Amino acid sequence: MRTISPMLTAVALAAAAAGASAQSVPITGGQATVPPGVYWLDVVVPAGGGGGGGSDAGGVGGQGGAGAVLTATISVTPSQVITVQQGAGGTGGENKQRNPGGIKLGGAGGTSGGAVTGGLGGAANQANYSGAGGGGGGASVLQVGDLTLIAGGGGGGGGASWDVAGNPGTAGSATLAATCTLVNGQPGVGGLPPNTTTPPNTKGDGGGGGGGGSGATAGAGGGTGREDENPPGTKNPPWTSGSGGGGGGSCAQGGTTNTVRSATVAAGPVGGPGGPTNAAENAGSTASPGGQSPITLTVNSTLPPLQPPTAVPATTPASLSLLSAGLGALALWARRRRKGQGASLR
């Protein structure tokens, strides 16, 4: 992830504040200082999309879920430091033709500029003839003062099972929570051996589940697919593919120093397409990664600065005594002035 220089960002913000028209400043990570004269910012915070699921012989992988994009107007004060972390798109899961007969690994989760990531996609089950799940998208974060904004990453697409297409990942949450804590997405399920338990999977094959997106709440990991043959040579019960991962949560938490004037959330950077079927899958060993976009800051010069309320001093006996003495002195001065004016008239 490329980080924009804080000095360059501050210069760009100052230029935007001085310009006649609004200018957007893109920033992918790091810090920037609010320049003089800037009290409101319009911000766009897009999270990473989930990676696509890997394909099987006749089934395409699941599409990754879109990352959420949070748009807000926030209050700032000059010299405050803004910290941003752009969420990266999840990596695509491996297709069946990646190392035929060998392990098909799930895609890595997208990072959020630190240790927090989207969930790892589930590997194909141990017969290794299906697609793996895509990784969950990374959340994007903006912090300044006591304000935090988080846009949730998209869930990874599920891996395909034979001719059953993988299930798509879920988009990052379009509901805004009022409190913010950044958490990892959950991993997708996969890499299971043959079993006869419920639900059975005697063939031991099936696509891996997509990883969940990171965010204010963790996106759930997708479940694994199943290729059961009971009796042998039949698709009984019907075969299933890997489930898509859940989207990460979004939030907008304002404080007393920095407030959120308005905030909305919608679908943003798209998830990665699932891997193609055999006809084309040798051209790429994995499905496509999820999309990602920089965070943008735009100076809003139409809103007035927030003025803190003027403190009213508490009334005390000492202050009342001083007030009484002052009023008495003022009355004495007035009487002497009137007496002096009367003497001059005589």
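Bear in mind the structure is a predicted one, so any value in this text is a computation, not a measurement.

Colleague: Would you explain the overall build of the chain in this entry?
Modeller: For the chain, the helix and strand inventory stands at three helices and eleven strands. Secondary structure of the chain in N-to-C order comes out as α-β-β-β-β-β-β-β-β-β-β-α-β-α. Counting across all 346 residues of the chain, residues that qualify as buried make up 44%. In the chain, the share of contacts with a sequence separation of at least 24, taken over all contacts with a separation of at least 6, comes to 79%. Accessible surface, the chain: about 15,400 Å² in total, of which carbon and sulfur atoms supply 60%.

Colleague: Help me understand the pairing of strand β3 (residues 40-46), please; the structure alone is not making it clear to me.
Modeller: Two faces, one strand: in a regular strand the side chains alternate between the faces of the sheet. The buried fraction of β3 is high, at five of seven residues. Two strands pair when backbone bridges link them, and β3 and strand β4 (residues 68-75) are joined in this way by seven bridges, in the antiparallel orientation. Pairing of W40 across the sheet is with S75, part of β4. Where β3 lies against strand β11 (residues 295-299), four bridges are found, and the strand directions are antiparallel. Paired with V44 across the strands is T296, a residue of β11.

Colleague: How should unusual backbone geometry be read in this particular structure?
Modeller: In most cases, non-glycine residues show a negative phi, while peptide bonds are predominantly trans. In this structure, S79 is a non-glycine residue whose phi angle is positive, near 80°. If you check the backbone angles, W162 has positive phi at about 55° while not being a glycine. With respect to the helices and strands, W162 occurs in the loop between β7 (147-151) and β8 (176-177).

Colleague: Honestly, the sheet that holds β11 in this entry has me stumped. Any pointers?
Modeller: Pairing between sheet strands relies on hydrogen bonds along the backbone, with the strands arranged either parallel or antiparallel. Taking strand neighbours across the sheet as the criterion, the five strands line up as β1-β11-β3-β4-β10 in an open arrangement whose pairing is antiparallel. Of all the strands in the sheet, just β1 (24-27) and β10 (260-267) have a single pairing partner and so form its edges. On average, adjacent strands in this sheet sit at an angle of 15° to one another, irrespective of strand direction.

Colleague: Mind showing me how you'd approach the nonpolar core here?
Modeller: Soluble globular proteins: nonpolar side chains tend toward being buried together. L41, V43, V45, I74, I82, L142 and L149 are the most contacted members of the largest nonpolar core, which totals 25 residues. Elements with a contribution of two residues or more to this core: β3, β4, β5 (81-85), β6 (140-144), β7 and β11. Element by element, the count of residues in this core is highest for β4, at four residues. Judged by nonpolar contacts, the second largest core, of six residues, contains A139, V141, C180 and A216.

Colleague: How do you make sense of the sheet that holds β7 when you look at a structure like this?
Modeller: If you trace the six strands from one edge of the open sheet to the other, you get β2-β5-β6-β7-β9-β8, paired in mixed fashion. Looking at which strands have only one partner, the edges of the open sheet turn out to be β2 (29-33) and β8. In this structure, β8 lies alongside strand β9 (residues 250-253), joined through two bridges in parallel fashion. By the bridge assignment, A177 is partnered in β9 with C251.

Colleague: What exactly am I supposed to notice about the state of the cysteines here?
Modeller: Put plainly, two cysteines are in a disulfide when a covalent bond ties their sulfur atoms together. This structure, assessed with the given rule, holds one disulfide. Covalent S-S linkage joins C180 and C251, the inter-sulfur distance amounting to 2.0 Å. On the sign convention where negative is left-handed, the bridge of C180 and C251, at about 125° about the S-S bond, is right-handed. Placement of the pair is C180 in the loop between β8 and β9 and C251 in strand β9, with a sequence separation of 71 residues. An identical accessibility class is assigned to C180 and C251; each is buried.

Colleague: How should I be thinking about the side chain of E227 in this particular structure?
Modeller: Relative to the elements of secondary structure, E227 occurs in the loop between β8 and β9. Separated by 3.2 Å, the side chain of E227 and the backbone nitrogen of W162 make a polar contact.

Colleague: What am I meant to see in the packing of aromatic side chains here?
Modeller: Centre-to-centre distance and the angle between the planes together describe a pair of aromatic rings. Within the structure shown, the criterion is met by zero aromatic pairs. Above the plane of the ring of W40 lies R261, whose end atom (NZ or CZ) is 5.9 Å from the centre.

Colleague: So what exactly am I meant to see when it comes to the pairing of β9 here?
Modeller: Two strands pair when backbone bridges link them, and β7 and β9 are joined in this way by three bridges, in the antiparallel orientation. By the bridge assignment, L149 is partnered in β9 with A252.

Colleague: Teacher, can you tell me more about the confidence of the model for the chain here?
Modeller: Do not read the predicted coordinates in detail wherever pLDDT is low. With 79% of its residues at a pLDDT of at least 70, the chain reaches an overall mean of 82. Across residues 1-8 the pLDDT falls below 50, and counting only partners more than four positions away or on other chains, this stretch makes 16 contacts in the model.

Colleague: Where do I start with the side chain of Q80 in this structure?
Modeller: One can find Q80 in the loop between β4 and β5. A polar atom in the side chain of Q80 sits 3.1 Å from the backbone nitrogen of T77. A distance of 2.8 Å separates polar atoms of two side chains, one belonging to Q80 and the other to N258. In contact with Q80, not counting residues within four places along its chain, are A32, T33, V34, V144, G145, T257 and N258.

Colleague: Just to check I follow, could you spell out the environment of G61 for this structure?
Modeller: Looking at the secondary structure, you find G61 in the loop between β3 and β4. Not counting residues up to four positions away in its chain, the partners in contact with G61 are G53, G54, S55, G158, A160, G166, G274 and G275.

Colleague: Explain the environment of P35 to me, please; I cannot follow it from the model alone.
Modeller: Within the element layout of this structure, P35 appears in the loop between β2 and β3. Using a relative accessible area of 6% as the deciding quantity, one classes P35 as buried.

What counts, and where the lines are drawn
Residues numbered from 1 in each chain as written. Predicted model: local features only at pLDDT ≥ 70, side-chain atom pairs only at ≥ 80, totals over all residues. Heavy atoms only, no water. Helix = DSSP H or I, 4+ residues; strand = E, 2+ residues; numbered from the N terminus. Buried < 20%, exposed > 50% of the residue type's maximum accessible area, 1.4 Å probe, protein only. Contact = heavy atoms within 4.5 Å. Areas by Shrake-Rupley, 256 points an atom, 1.4 Å probe, with all protein chains shown as cover. Pairing = 2+ DSSP bridges. Axes fitted to C-alpha atoms, helices over the stretch in contact; angles between N-to-C directions. Core = buried A, V, L, I, M, F, W, Y, C linked by side-chain atoms within 4.5 Å. Disulfide = S-S within 2.5 Å. Polar contact = N/O pair within 3.5 Å; in protein donor to acceptor, adjacent residues only side chain to side chain. Phe/Tyr/Trp six-rings, centres within 6.5 Å; stacked < 30°, edge-to-face > 60°. Lys NZ or Arg CZ within 6 Å of the ring centre and 35° of its normal. pLDDT = per-residue confidence, 0-100.

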